[in-house]
Amino acid sequence: MPTRVRPATPGDLEAICALLLQDGAERAASDGNLWPLATDSVQRIAVEFTNEVQNEGPFHWLVAEAAGAVVGVARLGVIPCPPIYHLAGQLAFVLFDDTTVSRLAPEDALALLIVAAEREGEALGAVTFIAACAPFQREKLRTLESAGYGIVTRYLVKHRLSNGVSPISVRAASSADIAAIVAMGGEAQNMLFQANAQMWKPHPEAPSRFSAWMHYSLTLPDRCIFIDDGHESAGFVIAQPVSSVHMPVASKRDHIGLIDDFWAPEFATATTGRVSTFASDLLAAAEFEFTRRGKTSAMAISPATWRSKQHFLREHGYC
């Protein structure tokens, strides 16, 4: 009997739980510090799946069936891109980490799930397609590459964070610093555009939109924006929490902090360069903030071709 893919229904919850727990156990075996299985993982899966299947929204679930049994699951989202980037009002497709097949699934199950998920994304208006894949998932990566995906973004992780005193040269930003942060953010956006012009095309109104987001971010209690006090135009970093976009449903995520917006002058070239003291201090301040909030790990995002930023992060213990 051939493998078939269909929309998930509430009756698939038990099978989906089994698949995502299998995936979660494999992740924990690969890196238990990054992907510890949540103690309430079954309840998390049930709540997330039930809410998204029963309510109309941007997230959708598909299952693959073979010989009458569910052998694979895909979770996808069709969402607007961040407001500082430009998709001409159209949407982005995201194939989340919660996409997996059983060990006994037919060889075509994952490929068929990807094709069906993309077809659904296209029908919902997606024009750019993104998929998540962990480094140890070599077969999944091969299947995605066969479907036309390439590595665009890397998520580097560090488990031993700076737990001393936050560097005295770094302070929390205020509204008076937003103009300088927006100017530095523009430089970062230019580097992202150079890394991948389709993925990170700046919106014509990016400066004003980024300014509004920075002002709003100052009011959010779950994050902190840092700048170098002695070099106001030298760099900035935002220490913030990860979200469900960055971690699978079955894994814990309150133990890890996220570094996405991070700029320093040595990042202005795609090649490796000298590591500045204030860039190191900014990173140390972000890590200290995570430690202060009870987090044990940090995840930093970098385009795959932005070698200077990756070199800096790897020099500071991220891998």
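An account of the accompanying structure is given in this report. (Residues numbered from 1 in each chain as written. Predicted model: local features only at pLDDT ≥ 70, side-chain atom pairs only at ≥ 80, totals over all residues. Heavy atoms only, no water.)

Ordered by their spatial adjacency, six strands build an open sheet running 7-12-11-10-9-8, and the pairing between neighbours is mixed. At either margin of the open sheet sits one strand with a lone partner, and together these are strand 7 (153-158) and strand 8 (170-172). Across the sheet, the mean angle separating the axes of adjacent strands is 30° when strand polarity is ignored. Strand direction decides the pairing type here: strand 7 and strand 12 (residues 297-303), joined by six bridges, are antiparallel. The residue of strand 12 that forms the bridge with Arg154 is Ser302. Helix-sheet contacts for helix 8 (residues 307-315) involve strand 7, strand 11 (256-263) and strand 12, and the interaxial angle to strand 12 is about 160°. (Pairing = 2+ DSSP bridges. Helix = DSSP H or I, 4+ residues; strand = E, 2+ residues; numbered from the N terminus. Axes fitted to C-alpha atoms, helices over the stretch in contact; angles between N-to-C directions. Contact = heavy atoms within 4.5 Å.)

Taking burial as the measure, the five residues of strand 4 (residues 91-95) include four buried ones, the bulk of the element. As paired elements, strand 4 and strand 6 (residues 126-131) share five bridges and run parallel to each other. Paired with Leu95 across the strands is Ala131, a residue of strand 6. (Buried < 20%, exposed > 50% of the residue type's maximum accessible area, 1.4 Å probe, protein only.)

Counting 42 residues, the largest nonpolar core has Ile181, Phe226, Phe236, Ile259, Phe262, Trp263 and Tyr318 as its most contacted members. Mapped onto this core, the elements with two or more residues apiece are helix 5 (178-195), helix 6 (206-217), strand 9 (224-228), strand 10 (236-241), strand 11, helix 7 (277-292), strand 12 and helix 8. Among the elements that line this core, the one with the most residues is helix 5, at seven residues. Other than its neighbours up to four places away in sequence, Phe262 contacts Phe236, Val237, Phe267, Ala279, Leu282, Leu283, Lys309 and Phe312. Membership of the second largest hydrophobic core comes to 19 residues, among which are Leu76, Val78, Ala105 and Ala109. (Core = buried A, V, L, I, M, F, W, Y, C linked by side-chain atoms within 4.5 Å.)

The subject of this paragraph is the packing of helix 5 against helix 6. Where helix 5 contacts helix 6, the two axes come as close as 9 Å, and the packing angle between them is 125°. Considered as vectors, helix 5 and helix 6 are oriented oblique to each other. In this structure, helix 5 meets helix 6 at a crossing whose hand is right-handed. Listed contacts from helix 6 to Ile178, Ile181, Val182, Gly185 and Gln189 of helix 5 are Ala206, Pro207, Phe210, Ser211, Met214 and His215. Within the contact of helix 5 with helix 6, the residues separate by chemical class into seven nonpolar, four polar and no charged. (Parallel < 35°, antiparallel > 145°, perpendicular 65-115°, else oblique. Left-handed = near helix turned anticlockwise from the far one by under 90°. Nonpolar A, V, L, I, M, F, W, Y, C, P; charged D, E, K, R; others polar.)

So, about helix 8. All of the buried residues along helix 8 are Ser308, Lys309, Gln310, Phe312 and Leu313. Contacts from the buried residues of helix 8 go to strand 7, strand 11, helix 7 and strand 12. After helix 8 finishes, the residue Gly317 shows a positive phi value of roughly 95°.

What follows is about the side chain of Ser308. Among the secondary structure elements, Ser308 is positioned in helix 8. Judged by relative accessible area, Ser308 falls into the buried class, the value being 4%. Of note is the side chain of Ser308, whose polar atom sits 3.1 Å from the side chain of Trp306. (Polar contact = N/O pair within 3.5 Å; in protein donor to acceptor, adjacent residues only side chain to side chain.)

Right, let's talk about the packing of aromatic side chains for a bit. Tallied over the entire structure, the rule returns twelve aromatic pairs. Between Trp263 and Phe267, the ring centres sit 6.4 Å apart and the planes meet at 80°, which makes this aromatic pair edge-to-face. Comparing Trp263 with Phe267 shows no difference in burial state: the two are buried. Measuring from centroid to centroid gives 6.4 Å for Phe267 and Trp306, while their planes differ by 85°, and the two rings are edge-to-face. Of this pair, Phe267 sits in the loop between strand 11 and helix 7 while Trp306 sits in the loop between strand 12 and helix 8, and the two are 39 residues apart along the sequence. For Phe267, a relative accessible area of 0% translates into the label buried. Given the relative accessible area of 2%, Trp306 is considered buried. (Phe/Tyr/Trp six-rings, centres within 6.5 Å; stacked < 30°, edge-to-face > 60°.)

What follows covers the layout of surface pockets. Counted as a void, the second largest pocket has a volume near 410 Å³. Lining the second largest pocket are 19 residues, with Val101, Ser102, Leu110, Glu139 and Lys140 sitting closest to its centre. Counting residues per element, the lining of the second largest pocket draws most heavily on helix 4 (residues 138-146), at four residues. Here the residues of the lining of the second largest pocket sort into six nonpolar, six polar and seven charged. (1 Å grid on protein atoms, 1.4 Å probe; cavity = no way out; pocket = protein on both sides within 12 Å on 5 of 7 lines; lining within 4 Å. Points joined across faces, edges and corners; volume = space filled by probe spheres on them.)

Positionally, Ser217 belongs in helix 6. On the basis of relative accessible area, Ser217 is assigned to the buried category, the value being 3%. Sequence-distant contacts of Ser217, defined by excluding residues within four places in its chain, comprise Arg223 and Ile225.

With that settled, the discussion passes to the environment of Gly257. One can find Gly257 in strand 11. Overall, the relative accessible area of 0% leaves Gly257 in the buried class. Gly257 sits 54 residues away from His203 along the chain, and the two C-alpha atoms are 27 Å apart.

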